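The lines below spell out each chain.
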Amino acid sequence: MKQLYEGNTTSQEWDKQIITDLSFIRAKLRYPLRRKLLAPLIAWTVFFLLICAVIFSSLLNGSGSPGMPFFIFLPLIGPVLLVIRYLHSLKFVTVHTPFTLADNIKILDRFLTSQRMLIFRHPDAPEIFQILSKDVGTGSEEREIMIFIADEQRILVNSQFTNAGWRLPQGKSHVDEMCGRLMQFMKVGSSASRDLQLFE
């Protein structure tokens, strides 16, 4: 992952909604779907159904060629992949641990510090951590934001891109890479000491 943005931690703005959503995230392992999130999905679904109606209507009337559905559906591949990527970005990846919530908070703090990453802690929820990358694209202000939530016997990880909206981000998610590093970090700590002395 790229070197983290070295900004002022006091100016970091948190989404207050994550506190409200914390119980839901822990239970469902994803962000909740709200109207503003569902609106684009509904719009794409209506558009997709209209295209299907036009295709089937033309085929039934005999006015369309056999290859017509292929050429009409081809432009829809991008939007469909975009919707799938968007829904996938709402999910949290689970890293299982044998530790309590309090110990997982310590582990996250030590892990992110050992990775030389700028850490933002939520002022109202000490179990929530955030890291922010530098710009991921040339001439772009798009950045990757990773959220870590410490919980009982697990750590939840999610990745989002700023300014991505309903288009493919310029960078790729580092969730899998970061989860791999975290598991390796815990493996080394567990083999060295069972009482978490490595993380103290």
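Here's a quick rundown of the structure. Note that the structure is a prediction, hence the values are computed from the model and not measured.

### A word on the overall build of the protein chain
For step 1, the next point in the chain: Helix and strand counts for the protein chain come out as six helices and five strands.
For step 2, the next point in the chain: Scanning the protein chain from its N terminus toward the C terminus, one meets helices and strands in the order α-α-α-α-β-α-β-β-β-β-α.
For step 3, the next point in the chain: Across the 200 residues of the protein chain, 39% fall into the buried class.
For step 4, the next point in the chain: Long-range pairs, those at least 24 residues apart, make up 64% of the contacts in the protein chain between residues at least 6 apart in sequence.

### Things to note about the side chain of S133
For step 1, the next point in the chain: Locating S133 in the fold gives a position in strand β3 (residues 125–135).
For step 2, the next point in the chain: Relative accessible area serves as the criterion here: at 2%, S133 is assigned to the buried category.
For step 3, the next point in the chain: A distance of 2.9 Å separates the side chain of S133 from the backbone nitrogen of E144, its partner in a polar contact.

### Observations concerning the packing of aromatic side chains
For step 1, the next point in the chain: Evaluated as defined, the whole model comprises two aromatic pairs.
For step 2, the next point in the chain: Plain terms: the ring middles of Y31 and F92 are 5.0 Å apart, the flat faces sit at 55° to each other, and that makes the pair tilted. With Y31 in the loop between α1 (17–28) and α2 (35–60) and F92 in the loop between α4 (77–89) and β1 (93–96), this residue pair connects regions lying 61 residues apart in the sequence.
For step 3, the next point in the chain: The class of Y31 is buried, set by a relative accessible area of 16%.
For step 4, the next point in the chain: Judged by relative accessible area, which is 6%, F92 ranks as buried.

### Focus: the pattern of salt bridges
For step 1, the next point in the chain: Within the structure shown, the criterion is met by five salt bridges.
For step 2, the next point in the chain: The shortest N-O distance in the salt bridge between D151 and R154 comes to 3.0 Å. The two residues D151 and R154 agree in class, both being buried.
For step 3, the next point in the chain: Three or more residues joined by partner-sharing salt bridges are found here, namely R26, E127, D151 and R154.

### Some remarks on the environment of L22
For step 1, the next point in the chain: With respect to the helices and strands, the residue L22 is situated in helix α1.
For step 2, the next point in the chain: As a C-alpha pair, L22 and P32 span ten residues in sequence and 9.9 Å in three-dimensional space.
For step 3, the next point in the chain: Sequence-distant contacts of L22, that is, excluding residues within four places in its chain, are made with E127, I128 and I149.

### Side note on a nonpolar patch on the surface
For step 1, the next point in the chain: Together, L33, L38, I42, V46, L50 and L87 line one region of the surface with nonpolar side chains, adding up to about 490 Å² of accessible area.
For step 2, the next point in the chain: The greatest single-element share of the nonpolar patch, amounting to four residues, is contributed by α2.
For step 3, the next point in the chain: Summarising the element assignment, L38 is placed in helix α2.
For step 4, the next point in the chain: Among the residues examined, L38 registers a relative accessible area of 31% and is labelled partly exposed.

Definitions and limits used
- Residues numbered from 1 in each chain as written.
- Predicted model: local features only at pLDDT ≥ 70, side-chain atom pairs only at ≥ 80, totals over all residues.
- Heavy atoms only, no water.
- Helix = DSSP H or I, 4+ residues; strand = E, 2+ residues; numbered from the N terminus.
- Buried < 20%, exposed > 50% of the residue type's maximum accessible area, 1.4 Å probe, protein only.
- Contact = heavy atoms within 4.5 Å.
- Polar contact = N/O pair within 3.5 Å; in protein donor to acceptor, adjacent residues only side chain to side chain.
- Phe/Tyr/Trp six-rings, centres within 6.5 Å; stacked < 30°, edge-to-face > 60°.
- Salt bridge = Lys/Arg side-chain N within 4 Å of Asp/Glu carboxyl O.
- Patch = residues over 30% accessible without salt bridge, like charges linked within 9 Å, V, L, I, M, F, W, Y side chains within 5 Å.
- Areas by Shrake-Rupley, 256 points an atom, 1.4 Å probe, with all protein chains shown as cover.

Geometric descriptors of this kind do not, in isolation, establish any biological role.
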